[in-house]
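In case you want the letters, here they are:
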Amino acid sequence: GEGRRERRGVLSSSVFGMERERAVRERVYRAFCTPRKSFSTINEWNDYLELREDIAFNLVEGIDLGAMEARLKQEEGKNADIIAANQAKEVEEEAERPRESAMDTREDSPAEKAGDNLQRQKQLALLASGWSMELVRKRAVQEARDTFVIPAW
């Protein structure tokens, strides 16, 4: 009983932590989007990637947040045009996805339709309860990892 509750709390906080880190890194990577060809040497490119990783790490770990946020804002301002173009590209790609599946003229069998419908209902139920499929996948992976923890004797 009690051990399970503690473990669930750890899992919930670790899932939240992973989701938070993913969101922070996504924001940093979106801002640090200067293409490789903009750098004259490989060392300049590597320095840029290292700076990006340092900022992501510090924001995730809560280190020098003020300076890291200021540097991130500076990079977002500098790359505003590239960021806007990338976001427009993402929207276009998202708009193309339904068309691709609509062009699929293959007829599904009744069993396939029922299975797809059941899967869709499960996904909707998870979303309605505040879960996402990504969160479910991450939790399953974390639970699998927890089963392999070797106690220190």
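In short, a report on the structure.

1. Quick word on the overall build of the protein
Right, so step 1: Summing up its helical and strand segments, the protein has six helices and zero strands in all.
Right, so step 2: N-terminal to C-terminal, the α/β element order of the protein is α-α-α-α-α-α.
Right, so step 3: Burial statistics for the protein: of 153 residues in total, 16% are counted as buried.
Right, so step 4: Considering only contacts in the protein between residues 6 or more positions apart, those separated by 24 or more positions represent 61%.
Right, so step 5: Entry remark: accessible area of the protein is about 11,600 Å², with carbon and sulfur atoms responsible for 56%.

2. Observations regarding the packing of helix α2 (residues 42-61) against helix α3 (residues 65-78)
Right, so step 1: At their nearest, the axes of α2 and α3 sit 9 Å apart, and the two run at 135° to each other. The orientation of α2 with respect to α3, classified from their angle, is oblique. For α2 against α3, the interelement crossing comes out left-handed. Of α3, the residues touching α2 (which contributes Tyr48, Leu51, Ile55, Asn58 and Leu59) are Leu65, Met68, Glu69, Arg71, Leu72 and Glu75.
Right, so step 2: Here the contact of α2 with α3 is composed, by residue class, of seven nonpolar, one polar and three charged.

3. Re the nonpolar core
Right, so step 1: Core analysis: the largest hydrophobic core is formed by 13 residues, its most contacted members being Val24, Val28, Phe32, Tyr48, Ile55, Leu59 and Leu72.
Right, so step 2: Put simply, the parts of the chain that give this core at least two residues each are α1 (2-31), α2 and α3.
Right, so step 3: Examining the composition of this core, we find that six residues originate from one element, α2, more than from any other.
Right, so step 4: Every residue in contact with Ile55, bar those within four places of it in the chain, is listed here: Val28, Phe32, Met68 and Arg71.

4. Focus on the side chain of Asn79
Right, so step 1: Inspection of the secondary structure puts Asn79 in the loop between α3 and α4 (80-102).
Right, so step 2: Under the relative-accessibility criterion, Asn79 is labelled buried at 4%.

5. A look at the pattern of salt bridges
Close approach of charged atoms allows side chains of opposite charge to pair.
Right, so step 1: Scanning the entire structure with this criterion turns up nine salt bridges.
Right, so step 2: Note that Glu21 is salt-bridged to Arg25, the shortest N-O span being 2.9 Å. Here the residue Glu21 and the residue Arg25 both occupy positions in helix α1, the gap between them amounting to four residues, near one helical turn.
Right, so step 3: Owing to a relative accessible area of 29%, Glu21 belongs among the partly exposed residues under this scheme.
Right, so step 4: Of the residues examined, Arg25 reaches a relative accessible area of 16% and is grouped as buried.
Right, so step 5: Between Glu75 and Lys78 there is a salt bridge, with its nearest N and O atoms 3.6 Å apart. Highlighted residues: Glu75 and Lys78, both in helix α3, separated by three residues, approximately one helical turn.
Right, so step 6: Given a relative accessible area of 0%, Glu75 falls into the buried group.

Thresholds, definitions, all that
Residues numbered from 1 in each chain as written. Predicted model: local features only at pLDDT ≥ 70, side-chain atom pairs only at ≥ 80, totals over all residues. Heavy atoms only, no water. Helix = DSSP H or I, 4+ residues; strand = E, 2+ residues; numbered from the N terminus. Buried < 20%, exposed > 50% of the residue type's maximum accessible area, 1.4 Å probe, protein only. Contact = heavy atoms within 4.5 Å. Areas by Shrake-Rupley, 256 points an atom, 1.4 Å probe, with all protein chains shown as cover. Axes fitted to C-alpha atoms, helices over the stretch in contact; angles between N-to-C directions. Parallel < 35°, antiparallel > 145°, perpendicular 65-115°, else oblique. Left-handed = near helix turned anticlockwise from the far one by under 90°. Nonpolar A, V, L, I, M, F, W, Y, C, P; charged D, E, K, R; others polar. Core = buried A, V, L, I, M, F, W, Y, C linked by side-chain atoms within 4.5 Å. Salt bridge = Lys/Arg side-chain N within 4 Å of Asp/Glu carboxyl O.

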